Amino acid sequence: MPHSRLGLKLLRRVVGVATWVENRRLPSIGTVVDRTIPGPGGDLPVRLYRPEGDEPRPTVVFFHGGGYVLGGFGTHEWLCRHLARESGCGVLAVDYRLAPEHPFPAAVEDAYAAVEWAAANPRAVGGDGRLAVAGDSAGGALAAVTALRAAESDGPEIDYQVLVYPGVGVDEDQASVRDHAGLVLSKADLAFIRECYYESSVHERNPYADPTNAGDVSGVAPATVLTAGFDPLRDGGKAYAEQLVRDGVRTRYRNYESMVHGFMTDRTVDRARDAVADVADDLRDGFADVDADVVAGTNPE
């Protein structure tokens, strides 16, 4: 990762071209619908992936990774399609605003606005009233803070959360950072991401920036926390899973010991498919005990 704004802009262009090439061959899916929804910074782009069939389904609002500075629909197209196929859910991907142009709390505000909209408009997403949040890396942190904010502010009823190698509770003294920084993410990368995302150290201590700062997370939705063994973010994710358990939240922790950060978006890795299948199973289990509030005429617009 280049550690300058100019270098970051160039990298975004390179990633855009690379993902366009990669996405010429994608898993088939029933429907893909692009639209915008009202967001705190203006129109907020979202993309809905739905499996075959018109029946109402649970909805998973998905936030992509990329350190808050990279990523979008293209980088996570394969993952979102695969997740929708495996889980049988509609997956609503959110193209939230990126840092450094839009530092904290812009991404959090966009993420929460998207969940509020999905909860209030089930007909627009072909939903049956059941709702989950999910994300990887920075998106995993956004999913976690969205679940926390919803619980604390009497917001949308979130039935489940999936946090894939989330960027939460990261500390340079952790063994995973000491041992594995430089594999995909370096210490310099982590420092640059913090510099881009946070305008002050006060923001870093905000629970809606990092849920490990919260004193009590007991009201949040049941969770799956997934980490990778060779990921510098591993210990932070594991610590948050332990925090959830201590506060009485039903939590399933999965560590893929031989994997590195970002592996679930690498379609050449067999374990990526295994992990998507595991997450899909967890979502089905999480939704199983929730009564579906079926809305008539729920074909996505």
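Preceding block: the structure.
Let us look at the structure shown here. Only a predicted model underlies this, so the values are computations on that prediction, with no experimental measurement involved.

Some words on the overall build of the protein
Next, step 1: For the protein, the count of helices and strands is ten helices and eight strands.
Next, step 2: Relative to the 2.2 N^0.38 estimate, which gives 19 Å for 301 residues, the radius of gyration of the protein is 18 Å and therefore close to what a compact globule would have.
Next, step 3: Its C-alpha atoms give the protein principal-axis dimensions of about 50 × 45 × 40 Å.
Next, step 4: Here the protein holds 301 residues, and 52% of them are scored as buried.
Next, step 5: Long-range pairs, those at least 24 residues apart, make up 79% of the contacts in the protein between residues at least 6 apart in sequence.
Next, step 6: For the protein, the accessible area works out to roughly 12700 Å², and carbon and sulfur atoms hold 47% of it.
Next, step 7: Of the side-chain charges in the protein, 30 are positive and 45 negative, and the distance between the mean point of each set is 5 Å.

Let's talk about the pairing of strand 4 (residues 90–94)
Next, step 1: Across the five residues that make up strand 4, a large majority, five, are buried.
Next, step 2: Going residue by residue along strand 4, you find Gly-90, Leu-92 and Val-94 tucked away on one face and Val-91 and Ala-93 tucked away on the opposite face as well.
Next, step 3: Where strand 2 (residues 42–50) and strand 4 come together, four bridges link them in antiparallel fashion. Counterpart to Leu-48 in the pairing with strand 4 is Leu-92.
Next, step 4: Bridge count between strand 3 (residues 57–63) and strand 4: five bridges; the pairing is parallel.

So, how was this worked out
- Residues numbered from 1 in each chain as written.
- Predicted model: local features only at pLDDT ≥ 70, side-chain atom pairs only at ≥ 80, totals over all residues.
- Heavy atoms only, no water.
- Helix = DSSP H or I, 4+ residues; strand = E, 2+ residues; numbered from the N terminus.
- Rg over C-alpha atoms; globule rule 2.2 N^0.38 Å.
- Buried < 20%, exposed > 50% of the residue type's maximum accessible area, 1.4 Å probe, protein only.
- Contact = heavy atoms within 4.5 Å.
- Areas by Shrake-Rupley, 256 points an atom, 1.4 Å probe, with all protein chains shown as cover.
- Lys, Arg positive; Asp, Glu negative; His and termini not counted.
- Charge placed at Lys NZ, Arg CZ, Asp CG, Glu CD.
- Pairing = 2+ DSSP bridges.

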